[in-house]
Structures are given as structure tokens and as C-alpha cells.
Amino acid sequence: MRLEAKGLSFCYERAGRQILKSVSLALEDGERVGLMAPSGYGKTTLCKILAGYESADCGEVLLDGKPLKEYRGYCPVQMVWQHPELSVNPRRRLKTVLSEGDFPAQNDGLQSHIEQELGILEEWKERYPSEVSGGELQRFCIARALGERTQILIADEITTMLDLVTQAQIWDFLLKETGKRGIGLIAVSHSPELLSKICHRVLKLDETNI
Amino acid sequence: MKTSGKSSMLKRVGSRSAYGKRKAGFPGNRRLATTVLLVLTVCFLAAVTIMGYFWQEEAVRTDFSRKNLPPCVLYPFGTDWMGRDMFMRTITGLSFSIRIGLLTAAVSAGIAFFSGLAAVVMGKLVNDLVLLFIDVVMGIPHMLLLILISFACGRGFWGVVAGIAFTHWASLARLIRGEVLQLKQSQYVKIAERLGKSRRYIAFCHLAPNLISQFVTGLILLFPHAILHEASITFLGFGLSPEKPAIGIILAESMKYLAMGKWWIALFPGLFLVVVVLLFHYAGQSVCRLIDPGSVHE
């Protein structure tokens with residue numbers, strides 16, 4: 001699916017600092033785009049708008065030509081957040097994180113395949129979020145976002161807290177999986193090396209967009 | 001939103017270190033010790049409730065050959081001016097109070113839980129309605145509303161139960177509504193919304209587990225209120241009938257005899273009422289501690 005953002009502007013408070021100023025971008029079917037900017041330039045805000053968590057003050061987000069807001073139920077654009085510990089309910093066991101993902105019963109091969117590739121162990125599933133490490137938790141969040149109906153994945157600094165070997169493993173898997181299923185990817189990172197390695201092109205949010 | 005997330009993380013870390021400190025005083029597995037004490041507490045309360053239930057006949061038996069006896073081996077709590085065994089009367093009264101307290105606190109907390117949850121989850125109209133009801137219940141003086149409802153329901157047991165249950169839910173409902181409003185802003189709830197989860201799924205799977213500690217604490221704080229209001233409404237003559245050996249009635253009657261030096265008639269029932277209330281408080285705290293996932297390894 002094609003994701004298109006047209007002239008997005010956003011500020012958090014009325015008359016507050018303008019975070020985004022007419023940002024436009026387009027993501028073709030199956031394309032991988034990197035997003036780079038210094039801290040505070042509105043990368044996460046842009047991701048939130050693209051995934052439908054926030055609505056922009058002006059401008060619109062179109063998915064295959066249809067406004068994203070008109071998609072009811074499961075949103076084909078899924079976002080993985082920077083902080084996995086805030087993305088899961090601290091009072092529920094980790095198996096419930098996976099059960100929230102879009103893994104229908106007739107396609108149960110998908111879930112076990114993703115679990116295996118991400119290295120999710122069976123014993124972690126019975127634990128609470130406070131009982132696993134941040135990296136282990138992030139794998140659950142990634143698995144949850146890769147449900148069957150996901151068409152576009154937005155990865156907001158998802159491997160920042162991981163060691164290099166794990167980072168490589170996770171990105172290797174994500175490249176394979178998105179390539180196989182034709183999922184579009186928007187990756188946010190502070191590392192130009194990582195983005196140039198995994199993305200078809202890299203966009204920079206700069207002074208003109210904030 | 002970001003800052004609220006951070007502060008809640010800080011809170012979590014803070015509470016965990018507090019647990020760590022207290023842990024030092026407990027040899028062995030703290031979780032196990034808490035569980036054992038909790039089971040003992042529940043057993044004691046259950047025993048009082050059941051014993052009192054079966055002593056109902058005995059507790060009202062009068063025998064003027066043994067009236068006004070101070071505490072002795074045969075009658076550990078003494079007897080009153082009609083020769084009734086105060087130990088049996090106390091246990092029966094406590095049993096009665098526990099049953100009324102449990103029933104009314106549970107109904108009250110249930111109303112509070114569902115109205116607080118519904119106010120946020122089910123949209124603006126329900127929210128306005130719940131807020132209106134909360135204002136009405138909290139706006140009318142407690143005792144007055146209690147008497148009105150109890151009187152309208154024909155007094156007696158069910159009158160008291162209805163009166164207490166329908167007047168005590170408002171403040172807990174307000175607390176739960178506030179908590180739900182805050183939880184609804186959390187990242188995992190927003191993610192669940194984007195994953196196409198229904199309002200009912202979010203309410204019962206994401207919000208409800210986070211409300212259990214508020215719910216249990218509220219339930220336990222309601223319990224002494226319920227007993228004391230049962231006692232006061234009975235004292236005023238709008239509640240239970242005077243021949244029932246409820247703890248409120250025992251205390252009200254004993255006032256007349258306290259000045260005459262019959263201290264045991266008031267002391268033991270009052271003391272045991274306090275003990276039962278404290279045990280409920282302890283049981284509530286233990287349950288809170290056991291259901292907090294952060295304490296799994298203590």
C-alpha cells in the first residue's frame with residue numbers, strides 16, 4: 001500500500017512551538033524509507049501522525065488514496081515505539097501482548113514463524129513485563145506489530161537500547177519479513193550508517209520543516 | 001503524555017526499592033509469609049462469621065440467674081442485665097456485621113467500579129449521567145440519604161443493605177473514573193486501539209487489571225464505614241430491629257450500663273469490632289501486595 005503525507009503541520013499546544021511545518025512524504029508499496037533529524041525535530045510526532053495516533057493541525061495522511069482516519073478497526077499502519085516498557089500493560093503477562101497482534105487462528109504459522117525469527121522463548125511468555133529485559137520486551141512489541149493485516153511498519157528508534165549483535169539480528173529479520181510480505185517500512189534512527197544500510201532512501205527533517 | 005509516562009516509571013522504581021528495604025526484616029520468602037498470614041486472617045474471620053451464624057439462638061437466650069456477671073471462666077466476656085452470654089452475643093453480632101459489611105461493601109464497590117469504568121469508556125452521555133449521580137449522592141448529607149433509602153425499602157436487613165450500598169459508592173466511583181481517565185492516555189491503551197481492539201476488550205483486559213488495587217483498597221475502606229453506618233442507623237431506630245444482636249445495637253445498649261460500672265458489656269464488643277476492622281485492613285493490604293506483579297519475587 002502507498003502511504004502519502006501531504007503538508008502536515010503540528011504543534012502540541014495552542015500557539016505553542018511549531019513542531020512540524022508542512023511536511024510531505026510518500027512511501028511507495030514495499031519501500032523502506034529512513035527518517036533522520038536531531039532530537040526535538042519532531043520525528044516521533046511525525047510517526048504518531050502517520051500511524052494515526054495524533055491528527056495533524058492541517059494536512060492529511062492518505063493510505064492508497066483514502067484518508068487514514070477512514071480505516072476502521074485494525075489499522076494497516078502499525079508503529080513500534082521507542083520505549084517498550086510503556087508499550088505493554090505492566091499488569092498482564094507477555095503472552096497477552098502476542099495475542100493482541102493480528103494472528104488469526106487459520107494462519108497460526110505466521111505467529112510461530114515470527115516468534116522463532118525474533119528469538120522469543122516460550123518461557124518468557126508467562127512472565128510479566130517487569131521480569132524481562134528491555135530488548136526482550138521490544139521483540140514482543142515488534143512481533144505484535146507484524147500481524148497479518150499490517151501493510152506499513154513505522155519503527156521509531158526501536159533498536160536504540162540494544163547491543164549491536166541483537167540490533168543486527170532484528171534488522172536482518174525485519175528486512176526479510178517486510179521484503180517477503182511487501183510491507184512498507186519507515187525507520188527512524190540517529191545512526192546514518194544503519195539507515196543507509198537498511199533503507200532505499202533517507203529523508204532528513206531539517207530547519208525548513210520545523 | 002511523555003512526562004506522565006516518565007513519572008509513573010519513577011514511581012514504580014521508587015515503590016520497588018521500598019519493598020526491597022522492608023524485605024530485609026523478613027527472613028525467607030516474603031510472599032509466602034504474606035500468603036500464610038492472609039490465609040490465617042481469612043480463616044479467623046470466616047470462623048467468627050460461621051460460629052456467629054450458628055449461635056443466633058443461644059445469643060438471645062436470657063437467664064436471670066446469671067445476670068450482670070463480670071468476665072469469668074464460664075463467661076469470658078461476662079453477661080448483661082438480662083443474663084445473656086456476652087461472648088456469644090459479641091461473636092453473633094460480629095458475624096452479623098461482617099455479613100452486612102461484606103455484602104454492602106461488595107455491592108457498593110461493584111457499583112463504583114462499573115460506573116467509573118463506564119463513565120470513561122462508554123462516551124459522553126454516560127459520563128454526564130454518572131457525574132450527575134455522583135453529585136446527587138455526595139450532595140445530600142450521608143445520614144439523611146441513608147435513612148431515606150432504608151425507610152423506603154422497608155427498614156430491617158434489606159433496608160439497611162440497600163441504604164448503605166447506594167450511598168457509599170460515589171467517592172470510590174469518582175476515584176476510579178479519574179484513574180481510568182489517566183490509564184486511557186497510556187501508550188499501551190492507544191496501541192490496543194490502533195490494533196482494532198473493541199472498547200470492551202480495552203475496558204476489561206487493559207483497564208480493569210490496573211484498577212484492582214484501587215478496587216480492593218476501596219472495598220476494604222468501605223467495610224468499616226458500612227459497619228459503623230449500620231450501627232448508627234440502627235441506633236437511630238431506622239435500621240435493624242432491636243432484638244437482633246448486631247454489634248451496633250450491643251454498643252448502643254451498653255452505653256446505659258457503662259456509667260453503672262459494667263465496663264465489660266461495651267469493652268469486648270467494641271474491642272473485637274476494632275480487631276475485625278483491622279484484620280480486614282490487613283487482608284486488603286496483603287491482597288494488594290500479592291497481586292502487584294512487581295512483588296512476584298519477594
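On a predicted model such as this, the values are computed, not experimentally measured, just so you know.

Basis of the calculations
- Residues numbered from 1 in each chain as written.
- Chains lettered and ligands numbered in written order.
- Predicted model: local features only at pLDDT ≥ 70, side-chain atom pairs only at ≥ 80, totals over all residues.
- Heavy atoms only, no water.
- Axes fitted to C-alpha atoms, helices over the stretch in contact; angles between N-to-C directions.
- Helix = DSSP H or I, 4+ residues; strand = E, 2+ residues; numbered from the N terminus.
- Parallel < 35°, antiparallel > 145°, perpendicular 65-115°, else oblique.
- Contact = heavy atoms within 4.5 Å.
- Nonpolar A, V, L, I, M, F, W, Y, C, P; charged D, E, K, R; others polar.
- Pairing = 2+ DSSP bridges.

Caption draft 1: Quick look at the packing of helix 4 (residues 86-121) of chain B against helix 11 (residues 247-258) of chain B. Residue and element names in this part refer to chain B. For the pair helix 4 and helix 11, the least separation of the axes is 8 Å and the interaxial angle reads 135°. The pairing of helix 4 with helix 11 is recorded here as oblique in orientation. Only Ile-247, Ile-250 and Glu-253 of helix 11 make contact with helix 4, whose side of the interface consists of Met-86, Arg-89, Thr-90, Gly-93, Leu-94 and Ser-97. When its residues are assigned to classes, the contact of helix 4 with helix 11 shows 4 nonpolar, 3 polar and 2 charged.

Caption draft 2: Geometry of the sheet that holds strand 1 (residues 3-11) of chain A. Residue and element names in this part refer to chain A. In spatial order, the strands read 2-1-4-5; together these 4 strands make up an open sheet with antiparallel pairing. For this open sheet the edge positions go to strand 2 (18-27) and strand 5 (66-67), each flanked by a neighbour on one side alone. Bridge analysis of strand 1 against strand 4 (residues 58-63) gives 5 bridges, and the strand direction is antiparallel. Residue Ala-5 lies in a different strand from strand 4, and its bridge partner there is Val-61. Against the sheet, helix 1 (residues 43-50) touches strand 1, strand 2 and strand 4, its axis set at about 125° to strand 1.

Caption draft 3: Quick look at the pairing of strand 4 of chain A. All names here are of chain A. The pairing of strand 4 with strand 5 spans 2 bridges and is antiparallel. Each residue of the ladder has a partner; that of Leu-62, found in strand 5, is Pro-67. The turn linking strand 4 back onto strand 5 is made up of 2 residues, and Asp-64 within it adopts a positive phi angle of 50°.

In short, shape yes, function no, at least from these values alone.
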